[in-house]
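# Chain and residue survey
The primary structure of each chain is shown beneath.
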Amino acid sequence: VKNTTANLAPGTFCGGLDVSTGGTVNLSAGVYVIQTGSLSVKSQSTLNATQGTTIVLLDPQATIAVQAGASLRITAPRDGAWKGIVIAQKPQPTEKTSTLIGGGELDIDGAVYLPTQKLDITGGGAVSQNSNRTRTFVVNRINMRGNGEILFSGSSDLIAVPPKLVLVN
């Protein structure tokens, strides 16, 4: 989707979802299965999915990229089989890298499940935690470089860092 707005309904998609150069994609509530390809939101573009949406990536080569001032706004379903999950990826045979780069914005309410992915946050990318949202990231590794940030807010007794988490700047 490039320089236009597209409204999509739940279903199975092949070839990935690429929102670029001023594009906006609005996803209705439901499950979106990306059979082949990746999820990419870039170049001042927006993916809106705030009505109860889950994106499932099945391609073993799939990655997620939110970059160059793009916005990904997604809220998980409140009930059903995918309750609480915004993005899920089938575990991959080898680690791939998903990125949040250059001022990209993640506004999510739900769990991101990328068990065999490395999440690369760099160049002004930010993952923020707002006390009225639920955000859980299941990733293999996190790599932060440049001005990458992970911001948490809320009661300190609600925020825990696992002993094995190592942040390298």
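Structural data are supplied above this passage.
Throughout what follows, the structure given in this document is the object of discussion. Model, not experiment: these values are computed from the prediction. (Residues numbered from 1 in each chain as written. Predicted model: local features only at pLDDT ≥ 70, side-chain atom pairs only at ≥ 80, totals over all residues. Heavy atoms only, no water.)

Time to look at the side chain of glutamine 92. Structurally, glutamine 92 is set in the loop between β11 (85–89) and β12 (96–101). Classification of glutamine 92 as buried rests on a relative accessible area of 7%. Not counting the four nearest positions on each side in its chain, glutamine 92 is found in contact with Asp59, Pro60, Gln61, Ala62, Thr116 and Gln117. (Helix = DSSP H or I, 4+ residues; strand = E, 2+ residues; numbered from the N terminus. Buried < 20%, exposed > 50% of the residue type's maximum accessible area, 1.4 Å probe, protein only. Contact = heavy atoms within 4.5 Å.)

Unlike most non-glycine residues, asparagine 3 shows phi in positive territory, near 55 degrees. On the secondary structure map, asparagine 3 appears in the segment before β1 (5–8). Unusually for a residue other than glycine, threonine 21 sits at a positive phi of about 40 degrees. Structurally, threonine 21 can be placed in the loop between β3 (17–19) and β4 (24–27). With relative accessibility at 32%, the residue threonine 21 sits in the partly exposed group.

Right, let's get into the nonpolar core. Leu39, Leu47, Ile55, Ile74 and Ile87 are the most contacted members of the largest nonpolar core, which has 30 residues in total. Among the elements that take part in this core, strand β13 (residues 105–122) stands out by supplying six residues, more than any other. Those residues in contact with leucine 39 that lie beyond four places of it in its chain are Leu17, Leu47, Ile55, Leu57, Thr63, Ile64, Ala65 and Ile87. (Core = buried A, V, L, I, M, F, W, Y, C linked by side-chain atoms within 4.5 Å.)

We now examine empty space enclosed by the protein. The tally for this structure, following the rule as stated, stands at one cavity of 30 Å³ or more. In this structure, the largest cavity spans a volume of roughly 130 Å³. Lining the largest cavity are 13 residues, with Ile64, Leu106, Val112, Leu119 and Phe137 sitting closest to its centre. If you list the elements that add at least two residues to the lining of the largest cavity, you get β9 (64–67), β12 and β13. The biggest single contributor to the lining of the largest cavity is β13, with five residues. Per-class residue counts for the lining of the largest cavity are eleven nonpolar, two polar and no charged. (1 Å grid on protein atoms, 1.4 Å probe; cavity = no way out; pocket = protein on both sides within 12 Å on 5 of 7 lines; lining within 4 Å. Points joined across faces, edges and corners; volume = space filled by probe spheres on them. Nonpolar A, V, L, I, M, F, W, Y, C, P; charged D, E, K, R; others polar.)

Counted according to the given criterion, the structure contains three salt bridges. Between aspartate 18 and lysine 42 there is a salt bridge, with the nearest N and O atoms lying 3.7 Å from each other. Of this pair, aspartate 18 sits in strand β3 while lysine 42 sits in the loop between β6 (39–41) and β7 (46–49), and the two are 24 residues apart along the sequence. Residue classification places aspartate 18 among the partly exposed positions, given a relative accessible area of 36%. Residue lysine 42 is classed as partly exposed on the basis of its relative accessible area, which comes to 26%. (Salt bridge = Lys/Arg side-chain N within 4 Å of Asp/Glu carboxyl O.)

Burial runs high along strand β8 (residues 53–57): five of the five residues are buried. Taking every second residue as pointing to the same face, both faces of β8 are buried, with Thr53, Ile55 and Leu57 on one and Thr54 and Val56 on the other. Pairing of strand β5 (residues 30–34) with β8, which is carried by five bridges, proceeds in the parallel orientation. Its bridge partner being in β8, glycine 30 is matched across the sheet by threonine 53. (Pairing = 2+ DSSP bridges.)

These figures come from the coordinates and say nothing about function on their own.
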